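Here's the letter readout for the chains.
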Amino acid sequence: MRKKLKRSIQYLEKLQSWILIIFLIVLTIAVSMQVFNRFVIKVSMPFLQMMIMFCVSWLTFLGASLGIRDELHFGVDIVPNLLTGQAKTYLKLAIYSVILVSVGFLIESGVAFSRLGLVKKSPSTGLPMVITYSSVFVGAVAMLIYVLLRIYRLFRKKKGEKT
């Protein structure tokens with residue numbers, strides 16, 4: 001892999017990890033505040049509800065892309081463990097192909113959600129919903145990058161290079 005591309009991927013991974021850490025911290029604080037406000041003070045804060053929904057959405061889709069990066073996607077280990085050589089490579093390629101098709105649908109849905117979010121506003125805060133809805137598209141593009149990287153590494157490994 002070229003040095004520039006490798007650095008770009010490393011930057012993307014580091015940026016994603018920091019974004020996820022920040023969103024997890026914000027989510028923890030927002031949920032704690034919401035529980036305290038709702039059950040102790042008996043007041044609900046709509047902005048906190050919007051923030052919680054925002055963080056959960058972004059954590060879900062960015063986290064899923066890191067799951068693809070680390071091969072944490074759903075799978076059955078019995079069959080791959082029985083296979084060796086080219087059969088195992090073809091099975092991995094088939095799995096990555098299914099993921100690619102799924103990511104394609106997610107990207108298409110993400111574009112539609114983002115367009116909807118441009119015109120839809122949160123009833124409680126008045127903020128545009130594109131802030132939350134764009135997480136589907138951004139997460140799916142990150143998934144696409146990671147699955148293409150997996151396929152690249154699969155073929156590079158197949159040619160005899162070490163990964």
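Nothing here was measured: the structure is a model prediction, and the numbers come from that model.

**Q** So what about unusual backbone geometry? Which residues, and what values?
**A** Look at Lys-42: it is not a glycine, yet its phi comes out positive at around 65 degrees. Checked against the element boundaries, Lys-42 lands in the loop between helix H1 (3-41) and helix H2 (46-69). We classify Lys-42 as exposed; its relative accessible area is 64%. The phi dihedral of Glu-71 is positive, around 55 degrees, even though this residue is not glycine. Using a relative accessible area of 31% as the deciding quantity, one classes Glu-71 as partly exposed.

**Q** Quick one: what's the story with the packing of aromatic side chains, residue by residue and with numbers?
**A** Taken as a whole and judged by the stated rule, the model has four aromatic pairs. For the ring pair Phe-113 and Tyr-133, a centre distance of 5.8 Å and an interplane angle of 55 degrees mean the geometry is tilted. In this pair, Phe-113 sits in helix H4 (residues 85-119) while Tyr-133 sits in helix H5 (residues 130-158), placing the two residues 20 residues apart along the sequence. When its relative accessible area of 38% is taken as the criterion, Phe-113 is described as partly exposed.

**Q** Describe in detail a nonpolar patch on the surface, supporting the description with residues and values.
**A** Side chains of Val-31, Val-35, Phe-36, Phe-39, Val-40, Ile-41, Val-43 and Met-45 sit close together on the surface and give an oily, nonpolar patch of about 720 Å² of accessible area. In this structure, Met-45 sits in the loop between H1 and H2.

**Q** Quick one: what's the story with the pattern of salt bridges, residue by residue and with numbers?
**A** Two side chains of opposite charge can pair, provided their charged atoms sit close to one another. In total, this model carries three salt bridges according to the counting rule given. Between Arg-69 and Asp-70 there is a salt bridge, with the nearest N and O atoms lying 2.8 Å from each other. By relative accessible area, which is 18% here, Arg-69 ends up buried. In this structure, Lys-92 engages Glu-71 in a salt bridge whose closest nitrogen and oxygen atoms are separated by 3.8 Å. Taken as a pair, Lys-92 in helix H4 and Glu-71 in the loop between H2 and helix H3 (78-82) lie far apart in primary sequence, 21 residues in all. In this structure, a network of salt bridges that share partners links the residues Glu-71, Lys-92 and Arg-150.

**Q** Explain the side chain of Arg-150 to me, using residue names and the numbers behind them.
**A** Looking at where Arg-150 falls in the secondary structure, it is placed in helix H5. Polar contacts involving the side chain of Arg-150 include one to the main-chain carbonyl oxygen of Arg-69, which spans 2.4 Å. Beyond its immediate chain neighbours, meaning those up to four positions away, Arg-150 contacts Ile-68, Arg-69, Asp-70, Glu-71 and Tyr-96.

Conventions adopted
- Residues numbered from 1 in each chain as written.
- Predicted model: local features only at pLDDT ≥ 70, side-chain atom pairs only at ≥ 80, totals over all residues.
- Heavy atoms only, no water.
- Helix = DSSP H or I, 4+ residues; strand = E, 2+ residues; numbered from the N terminus.
- Buried < 20%, exposed > 50% of the residue type's maximum accessible area, 1.4 Å probe, protein only.
- Phe/Tyr/Trp six-rings, centres within 6.5 Å; stacked < 30°, edge-to-face > 60°.
- Patch = residues over 30% accessible without salt bridge, like charges linked within 9 Å, V, L, I, M, F, W, Y side chains within 5 Å.
- Areas by Shrake-Rupley, 256 points an atom, 1.4 Å probe, with all protein chains shown as cover.
- Salt bridge = Lys/Arg side-chain N within 4 Å of Asp/Glu carboxyl O.
- Polar contact = N/O pair within 3.5 Å; in protein donor to acceptor, adjacent residues only side chain to side chain.
- Contact = heavy atoms within 4.5 Å.

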